[in-house]
Amino acid sequence: MSLSVVLTPAEILSLAAANLSETTAVVFDVLRATSTMTMALHHGAAAIYPAKDIAEAHALKEKHPDALLGGERHGEIISGFDLGNSPLEYNNVTGREIISTTTNGTIALRAVTHAGMVIAGSLLNISAMASWLAAHQPAKLLMVCAGTGNDFAIEDALGAGALLHDLTSRNELKLQPSDAAKMLLTLWNTHRNDVPSVLANSRNGSRLCERGRTAEVECCAQLSVFQTVGILSGDALRPHLVP
Ligand code: MLT
């Protein structure tokens, strides 16, 4: 399995022209989009439609009138939407469909919809994702770090490093990491014991904490607490329970 990484929003834009047909893409927006999606799917959401922008979210709502509208702009709930982008808002969504649009996370997900397989990655389900990947053994694994605004985000790199670490501990896998993937493994090994503090001190994490959202950052910092993996099927992420 070749392991490669995209670390910045600028690189993510270039993926539109890439041939990803044999690639499984795992998108990390640890603070908070893909963690919130994982939380929602763990709590029984039936589907999550990642929308590029607010207009597309409203168009999807026309097609799926019972779906909840969720997401953020500048970190706060969008006017007229049902839910924001806090993982703590998504524990009562059993059976619901959700349309989500966020600044970076849903853009990154939409940038790789032409990949062979797309997974919404988070720290919350590292072990479940690694088990799923070990069982399916894609030829190419691409970790997509969604970033904050136009910049690299350390929490996304840490999530990708955590997944790499779990995969490398599985002796049955033959892994070929890129240099960037090796760097993320080093990052994880350096910070694996202080994950909550790395998240709280990241650019987005410190902004969230300043706004009284520390509990959300702490929630997203939990490691391997869920067995649910969100996998794109058609235009929606759907839950897969990994035994
Ligand atoms: C994003 O998609 O940019 C983020 O999830 C921002 C956030 O709500 O923290």
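Just above sits the structure.
The model shown is predicted, which means the values in this text are computed figures rather than measured ones.

### A word on the pattern of salt bridges
A side chain with one charge may pair with a side chain of the opposite charge, provided their charged atoms come close.
Consideration 1: A full pass over the atoms with the stated rule returns 7 salt bridges.
Consideration 2: The salt bridge involving Arg-203 is made with Asp-151; its shortest N-O contact spans 2.9 Å. Here Arg-203 is found in helix α9 (residues 203-210), whereas its partner Asp-151 is found in the loop between β7 (140-145) and α6 (154-168), with 52 residues between them in sequence.
Consideration 3: Taken together, the shared-partner salt bridges in this structure form one network comprising Arg-32, Glu-76, Arg-211, Arg-213 and Glu-216.

### Describing the side chain of Glu-72
Consideration 1: Here Glu-72 shows up in the loop between β4 (68-71) and β5 (97-101).
Consideration 2: Of the buried charged residues, Glu-72 lacks a salt bridge, with Arg-73 as the closest side chain of opposite charge at 4.7 Å.
Consideration 3: Side-chain polar atoms of Glu-72 contact the backbone nitrogen of Thr-103, separated by 2.6 Å.
Consideration 4: Excluding anything up to four places from it in sequence, Glu-72 contacts Arg-32, Ile-78, Asn-85, Thr-101, Thr-102 and Thr-103.

Here is what the cut-offs are and how they apply
- Residues numbered from 1 in each chain as written.
- Predicted model: local features only at pLDDT ≥ 70, side-chain atom pairs only at ≥ 80, totals over all residues.
- Heavy atoms only, no water.
- Salt bridge = Lys/Arg side-chain N within 4 Å of Asp/Glu carboxyl O.
- Helix = DSSP H or I, 4+ residues; strand = E, 2+ residues; numbered from the N terminus.
- Buried < 20%, exposed > 50% of the residue type's maximum accessible area, 1.4 Å probe, protein only.
- Lys, Arg positive; Asp, Glu negative; His and termini not counted.
- Polar contact = N/O pair within 3.5 Å; in protein donor to acceptor, adjacent residues only side chain to side chain.
- Contact = heavy atoms within 4.5 Å.

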